[in-house]
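Each chain, written out:
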Amino acid sequence: MQTWKAAEPAPSLWVDARIATMAKHGTSIEKGAVVVQNGRLAFVGPESQLPKDLPKDIRQIDCGGRWLLPSFIDCHTHLVYGGNRAMEFEMRLAGASYEEIARAGGGIISSVKATRALDVQQLVEQSLPRLDTLIAEGVSTVEIKSGYALNIEGELNMLRAARRLGQMRPIRIATTWLAAHATPSEYKGRNGDYLREVALPGLHAAHAEGLVDAVDGFCEGIAFSRDEIALVFDEARKLGLPVKLHAEQLSDLKGARLAASYGALSADHLEYLAEEDIPALVQAGTVAVLLPGAFYTLREKQLPPIGALRRESAAIALATDSNPGTSPLTSLLLTINMGATLFGLTVDECLAGVTREAARALGISAETGTLEVGKAADFTVWDIDRPAELVYRMGFNPLRARVWNGHITSTLMAGEI
């Protein structure tokens, strides 16, 4: 498979745009313009304030009054894995229990088996269509976790595949070590041994190979306890790696409070988050990442405490949680619709959740997530009358152009580009 290559992006001037910068609530510019130089945003503002000293050879692109937004960021995915879980989905629809599915070879065991059977190239081949689907909706950045091999070499291969995906497509990939996702069958009942013999030494190997940007874990009764997650986080701290946590998805184990105590980038899921624990997240700057795809797939009833998160001014992000079992979702557009419909988020909260706040959840706010001078030229042009359409519609993609680091990587704007 070929590596994506492009020359240094040429300077470009985007005019007659309606711009939602997402820099703060409600910030929009009518008859706006954007100047891109050296892959960065050199100007964002009204056309009337354009600088006079633009390069003579700058390429001018007419947006035709369309909306221009920061590119989307999917800040929580398990995009790299082997096989699929369609069989157990079908069994579940027919009334099979979790135990019956497990006995038939379903559940995470099936994903582990399928993932371990693939080498890096095969993992890339299976994952690339999922990544391309996200890119086609204007996504510029995707976080990809390990966690479906549960042995050292398999976990490393997952992150090697993730890095390779970032070389093959015009996209920013953030990698996360998630060996503390589940305990494989060979370590059943021996979480401590698994952490000491696989998760922790594997983390060191991943770090030495430059494969890991952050460290995650699953704090839940069916996974790992707070004390066990703390062992993983302590090791991440020694390596200077930021942490994040799957927390309070199925019960309240105070995982979010643990994450906050480590200054985690994010705490994710949070259906069972206690309201009294939200100030700890806010004080730590930990983003609440909500995953409506898993909520939908699992037919959950317990909603995240949206009202309390709002009252405490917590940062809220949204992500697909794309994975083979509990959220086989590869659409951020559908995700933001779910965020509004299932969780009651506003349009502004949904759009901020996949731009500004998603960047915060990955620790890359200085680079992307909003349209501000000096940041990467990551933006999208949409054929819509108002941004609410992006949240309102289902199964409809009105993307007209996608720009990543100043490169125009896709466009439907015939005649304008």
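Residues numbered from 1 in each chain as written. Predicted model: local features only at pLDDT ≥ 70, side-chain atom pairs only at ≥ 80, totals over all residues. Heavy atoms only, no water.

As named in an unreviewed UniProt entry, the chain is Imidazolonepropionase, taken from Rhizobium helianthi. As stated in UniProt under Catalytic activity (unreviewed entry), the record for the chain gives "4-imidazolone-5-propanoate + H2O = N-formimidoyl-L-glutamate". (UniProt positions renumbered as here; feature names shortened; annotations may be inferred.)

Moving on, we come to the sheet that holds strand S8 (residues 172-180). With parallel pairing, 8 strands are arranged side by side in an open sheet as S6-S7-S8-S9-S10-S11-S12-S13. Each end of this open sheet is capped by a strand with a single partner; those strands are strand S6 (72-74) and strand S13 (316-318). Between one strand axis and the next, the sheet turns through 25° on average, direction left out of account. With 3 bridges joining them, S6 and strand S7 (residues 139-145) adopt parallel strand pairing. Bridge pairing in S7 links Asp74 to Val142. On the sheet, helix H6 (residues 191-208) packs against S8 and strand S9 (214-219) and is oriented at approximately 160° with respect to S8. (Pairing = 2+ DSSP bridges. Helix = DSSP H or I, 4+ residues; strand = E, 2+ residues; numbered from the N terminus. Axes fitted to C-alpha atoms, helices over the stretch in contact; angles between N-to-C directions. Contact = heavy atoms within 4.5 Å.)

It is worth spelling out the UniProt feature "binding site: Fe(3+)" (unreviewed entry) in the chain at this point. Sites flagged by UniProt as "binding site: Fe(3+)" (unreviewed entry) map to His76, His78, His246 and Asp321. Separation in sequence by 246 residues is not matched in space for these annotated residues, since their most distant C-alpha atoms are only 12.3 Å apart. Considering the arrangement of structural elements, one finds His76 in the loop between S6 and helix H1 (86-93). Given the relative accessible area of 0%, His76 is considered buried. Not counting chain neighbours up to four residues away, the residues in contact with His76 comprise Glu143, Lys145, His246, Asp268, Val289, Leu291, Ala319, Thr320, Asp321 and Ser322. A polar side-chain atom of His76 sits 3.3 Å from a polar atom in the side chain of His246. Residue placement: His246 occurs in strand S10 (residues 244-247). What makes His246 buried here is its relative accessible area of 3%. (Buried < 20%, exposed > 50% of the residue type's maximum accessible area, 1.4 Å probe, protein only. Polar contact = N/O pair within 3.5 Å; in protein donor to acceptor, adjacent residues only side chain to side chain.)

Within this structure, the stated rule accounts for 30 salt bridges. Between Arg172 and Glu367 there is a salt bridge, with the nearest N and O atoms lying 3.9 Å from each other. Of this pair, Arg172 sits in strand S8 while Glu367 sits in the loop between helix H14 (356-362) and strand S14 (379-382), and the two are 195 residues apart along the sequence. (Salt bridge = Lys/Arg side-chain N within 4 Å of Asp/Glu carboxyl O.)

Mapped onto this numbering, the UniProt entry gives "binding site: N-formimidoyl-L-glutamate" (unreviewed entry) at Tyr148, Asn323 and Gly325. The greatest C-alpha distance among the annotated residues, which extend across 178 residues, is 11.0 Å, indicating that they converge on a single site. Along the chain, Tyr148 falls in the loop between S7 and helix H5 (152-168). For Tyr148, a relative accessible area of 4% gives the class buried. Mapped onto the elements, Gly325 comes out in the loop between S13 and helix H12 (332-341).

This brings us to the nonpolar core. If you look at the biggest cluster of nonpolar residues, it comprises 95 residues, and the most contacted ones within it are Leu131, Trp177, Tyr194, Val215, Ile336 and Leu390. Setting aside residues no more than four positions away along its own chain, Leu390 makes contact with Leu69, Phe72, Leu333, Ile336, Leu351, Trp382, Ile384 and Pro398. Grouped together as the second largest cluster of nonpolar side chains are 17 residues, Ala17, Ala377, Val381 and Val403 included. (Core = buried A, V, L, I, M, F, W, Y, C linked by side-chain atoms within 4.5 Å.)

With a phi close to 90°, His269 is a non-glycine residue in the positive phi region. Take His269: it is sitting in strand S11 (residues 266-269).

A complete count under the given rule lists 7 aromatic pairs for this structure. Aromatic pair Tyr81 and Tyr148: ring centres 6.2 Å apart, planes at 65°, arrangement edge-to-face. Linking Tyr81 in the loop between S6 and H1 with Tyr148 in the loop between S7 and H5, this pair joins segments that are 67 residues apart in sequence. Between Phe295 and Phe343, the aromatic rings sit 5.2 Å apart at their centres with planes inclined by 75°, giving edge-to-face as the arrangement. Taken together, the residues span a long stretch of sequence, with Phe295 in helix H10 (residues 292-297) and Phe343 in the loop between H12 and helix H13 (347-353) at a distance of 48 residues. Residue classification places Phe295 among the buried positions, given a relative accessible area of 7%. By the ring-pair criterion, three or more aromatic residues cluster together here, those being Tyr187, Tyr194 and Phe224. Seen from the ring of Tyr81, Arg130 lies directly overhead, with NZ or CZ sitting 3.7 Å from the centre. One residue, Arg393, lies across the ring of Phe396, its end atom 4.6 Å from the ring centre. (Phe/Tyr/Trp six-rings, centres within 6.5 Å; stacked < 30°, edge-to-face > 60°. Lys NZ or Arg CZ within 6 Å of the ring centre and 35° of its normal.)

Counting buried residues in strand S1 (residues 12-20) gives 7 out of 9 residues, a clear majority hidden from the surface. Summarising the sheet, S1 and strand S4 (residues 59-62) pair through 4 bridges and their orientation is parallel. Along S4, the bridge assignment pairs Ser12 with Arg59. Bridge analysis of S1 against strand S2 (residues 28-37) gives 6 bridges, and the strand direction is antiparallel. Counted as the bridge partner of Ala20 is Ser28 from S2.

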